[in-house]
Amino acid sequence: MENTRDPNEMREDAERLADILTTLQRRFLANLSKELSRGNVSFPQYFLLGYLGQSKFLTMSEIAQKMGHTTAAATGLVDRLENLGLVERSHATDDRRKIMVKITKSGAALVSHIRQDMVNNLLKTMTCLEPEEQKNWLKIYSKIANYCQNK
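Residues numbered from 1 in each chain as written. Predicted model: local features only at pLDDT ≥ 70, side-chain atom pairs only at ≥ 80, totals over all residues. Heavy atoms only, no water.

**Observations regarding the pairing of strand E3 (residues 99-103)**
Part 1 of the argument: In this structure, strand E1 (residues 58-59) lies alongside E3, joined through two bridges in antiparallel fashion. The residue bridging Thr59 from the neighbouring strand is Met100, located in E3.
Part 2 of the argument: Two elements, strand E2 (residues 87-91) and E3, share five bridges in a ladder whose sense is antiparallel. Among the inter-strand pairings, Arg89 is bridged to a residue of E3, identified as Val101. (Pairing = 2+ DSSP bridges. Helix = DSSP H or I, 4+ residues; strand = E, 2+ residues; numbered from the N terminus.)

**With respect to the packing of aromatic side chains**
The relative placement of two aromatic rings is captured by the distance of their centres and the angle of their planes.
Part 1 of the argument: In the structure shown here, the tally under the stated rule is three aromatic pairs.
Part 2 of the argument: Ring centres of Phe43 and Phe47 lie 6.4 Å apart, and the angle between their planes is 25 degrees; this geometry places the pair in the stacked category. Residue Phe43 and its partner Phe47 are located together in helix H2 (residues 43-53), separated by four residues, close to a single helical turn.
Part 3 of the argument: With a centroid separation of 5.6 Å and an interplanar angle of 85 degrees, the aromatic rings of Trp137 and Tyr141 are classed as edge-to-face. Separated by four residues within a single helix, Trp137 and Tyr141 lie in helix H6 (residues 131-149), roughly one turn from each other. (Phe/Tyr/Trp six-rings, centres within 6.5 Å; stacked < 30°, edge-to-face > 60°.)

**Structural notes on the packing of helix H1 (residues 7-38) against helix H5 (residues 105-126)**
Part 1 of the argument: Closest axis-to-axis distance for the H1/H5 pair is 10 Å, and the angle between their directions is 150 degrees. As judged from the angle between their axes, H1 and H5 are roughly antiparallel. Two packed elements cross with a definite hand, and for H1 against H5 that hand is right-handed. Residue-level contacts link Arg27, Phe28, Asn31, Leu32, Glu35 and Leu36 of H1 to His113, Ile114, Asp117, Met118, Asn121, Leu122 and Thr125 of H5.
Part 2 of the argument: When the residues that make up the contact of H1 with H5 are grouped by side-chain class, the tally is six nonpolar, four polar and three charged. (Axes fitted to C-alpha atoms, helices over the stretch in contact; angles between N-to-C directions. Parallel < 35°, antiparallel > 145°, perpendicular 65-115°, else oblique. Left-handed = near helix turned anticlockwise from the far one by under 90°. Contact = heavy atoms within 4.5 Å. Nonpolar A, V, L, I, M, F, W, Y, C, P; charged D, E, K, R; others polar.)

If you want it as structure tokens, here you go:
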């Protein structure tokens, strides 16, 4: 998609969006932080639980890649989650050196609870938008999320 807008106007809009995103992050992350602190789980640990909740299992190298960490750092994350009973490790049957990590029922319940809280907060936020604006918000955020995932 070619961009034909005035660069100065785009910059002004980007600066305004930066302010808006900061406000949104404060609002949603502060609430998420409260939820996570109840379970003694950090943001990176929660994000890892989210990845694990979408997969049957992940290997340590897949975890490191998804999290943007070294394998050693990923091992530390998994250690803490395992100590909390939120994930389990096992060895692959075809190669005992390969460690498989999967989310436990407790971990899945935590992710589900926090996600539901996020959905409820979004529902409250969406009440300030007209129905068409609500649909457009989802459409725009979906487009941005796809862009970010493909980068």
